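Close look at the chain arrangement
Here are the chains, one letter per residue:
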Amino acid sequence: NAGVMQNPRHLVRRRGQEARLRCSPMKGHSHVYWYRQLPEEGLKFMVYLQKENIIDESGMPKERFSAEFPKEGPSILRIQQVVRGDSAAYFCASSSGQGRHEQYFGPGTRLTVT
Amino acid sequence: QQQVKQSPQSLIVQKGGISIINCAYENTAFDYFPWYQQFPGKGPALLIAIRPDVSEKKEGRFTISFNKSAKQFSLHIMDSQPGDSATYFCAASTGSGGSNYKLTFGKGTLLTVNP
């Protein structure tokens, strides 16, 4: 399966814990976007990364959230000291870059903060 | 500031009918307009997309109509089927001005096709 992979699919954390969400892009893609989907809302852009570089983090909350895309391995979205308001579906999408717009989404990670 | 407005919020259509979902945008720099289909518990799937140099694009039962002067675009689903029941999102993006092709989404339309 050459599609975008995300894990875990479901994640439950207590308030104050850390959440780590992983995303492996499609084969041949080196550009990753993270989006958050709140209930009854559309998807909102969070951050755009290329290998070893954060290109655009304008949609990321200033505190507690960070993202990385190392040279080897998946992209990681990290949420420290989670709060109930962080409960949402987090999707990553990958693109080949090179001026191409098309983004292909993974199945998402559904984070529940109790 | 909501840059892409989508309507209606929900839509019920009979099997075989035409489903029409509309979107309007504000940013004239947008130059790519995709539609995504999302089933419950799944990720959005790219359905069809259009660029502003054409007014219409058709793929099977799905057609995008694009009106650049009105800054509007719409998705038409012909011969709607119960299997089309899903949430549909319009989106827009641009690579200019440091926008990095990030997608701006509408809030979605829940389509129900009755058998």
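Structure's up top.
Description of the structure in this document. (Residues numbered from 1 in each chain as written. Chains lettered and ligands numbered in written order. Predicted model: local features only at pLDDT ≥ 70, side-chain atom pairs only at ≥ 80, totals over all residues. Heavy atoms only, no water.)

**A look at the overall build of chain A**
- Helix and strand counts for chain A stand at zero helices and eleven strands.
- Taken over the C-alpha trace, chain A has a radius of gyration of 13 Å; the compact-globule value for 114 residues is 13 Å, and the two agree within 12%.
- Projected onto its principal axes, the C-alpha coordinates of chain A cover approximately 40 × 25 × 25 Å.
- In chain A, which comprises 114 residues, the share counted as buried stands at 45%.
- Intrachain contacts of chain A at a sequence separation of at least 6 include 51% that bridge at least 24 residues.
- Approximately 5800 Å² of chain A is accessible, and the part contributed by carbon and sulfur atoms is 45%.
- Here chain A contributes 17 positive and 11 negative side-chain charges, whose respective centroids are spaced 7 Å apart. (Helix = DSSP H or I, 4+ residues; strand = E, 2+ residues; numbered from the N terminus. Rg over C-alpha atoms; globule rule 2.2 N^0.38 Å. Buried < 20%, exposed > 50% of the residue type's maximum accessible area, 1.4 Å probe, protein only. Contact = heavy atoms within 4.5 Å. Areas by Shrake-Rupley, 256 points an atom, 1.4 Å probe, with all protein chains shown as cover. Lys, Arg positive; Asp, Glu negative; His and termini not counted. Charge placed at Lys NZ, Arg CZ, Asp CG, Glu CD.)

**Looking at the pattern of salt bridges**
- Enumeration according to the criterion identifies six salt bridges over all chains in this entry.
- Here Glu-59 of chain B makes a salt bridge to Lys-57 of chain B, at a shortest N to O gap of 3.7 Å.
- Lys-57 of chain B gets classed as partly exposed once you look at its relative accessible area, which sits at 32%.
- One continuous salt-bridge network, built from bridges that share partners, spans Glu-18, Arg-20 and Arg-78 of chain A. (Salt bridge = Lys/Arg side-chain N within 4 Å of Asp/Glu carboxyl O.)

**Quick notes on the sheet that holds strand E7 (residues 65-68) of chain A**
Residues and elements named next belong to chain A.
- The sheet built from four strands is open, its strands ordered E1-E3-E8-E7 with antiparallel pairing. Among the strands making up the open sheet, the edge pair consists of strand E1 (5-7) and E7. Across this sheet, the average inter-strand angle for adjacent strands is 15 degrees, counted without regard to direction.
- Summarising the sheet, E1 and strand E3 (residues 19-24) pair through three bridges and their orientation is antiparallel. Each residue of the ladder has a partner; that of Asn-7, found in E3, is Arg-22. (Pairing = 2+ DSSP bridges. Axes fitted to C-alpha atoms, helices over the stretch in contact; angles between N-to-C directions.)

**Digging into the nonpolar core**
- Ranked by size, the top nonpolar core spans 24 residues in total, and within it Phe-33, Trp-35, Phe-73, Leu-75 and Tyr-88 of chain B carry the most contacts.
- Of all the secondary-structure elements, those providing two or more residues to this core are strand E2 (10-14), strand E3 (19-25), strand E4 (33-38), strand E5 (45-50), strand E7 (62-67), strand E8 (72-77), strand E9 (86-92) and strand E11 (109-114) of chain B.
- The biggest single contributor to this core is E9 of chain B, with four residues.
- Judged by nonpolar contacts, the second largest core, of 22 residues, contains Ala-19, Phe-65, Cys-92 and Leu-111 of chain A. (Core = buried A, V, L, I, M, F, W, Y, C linked by side-chain atoms within 4.5 Å.)

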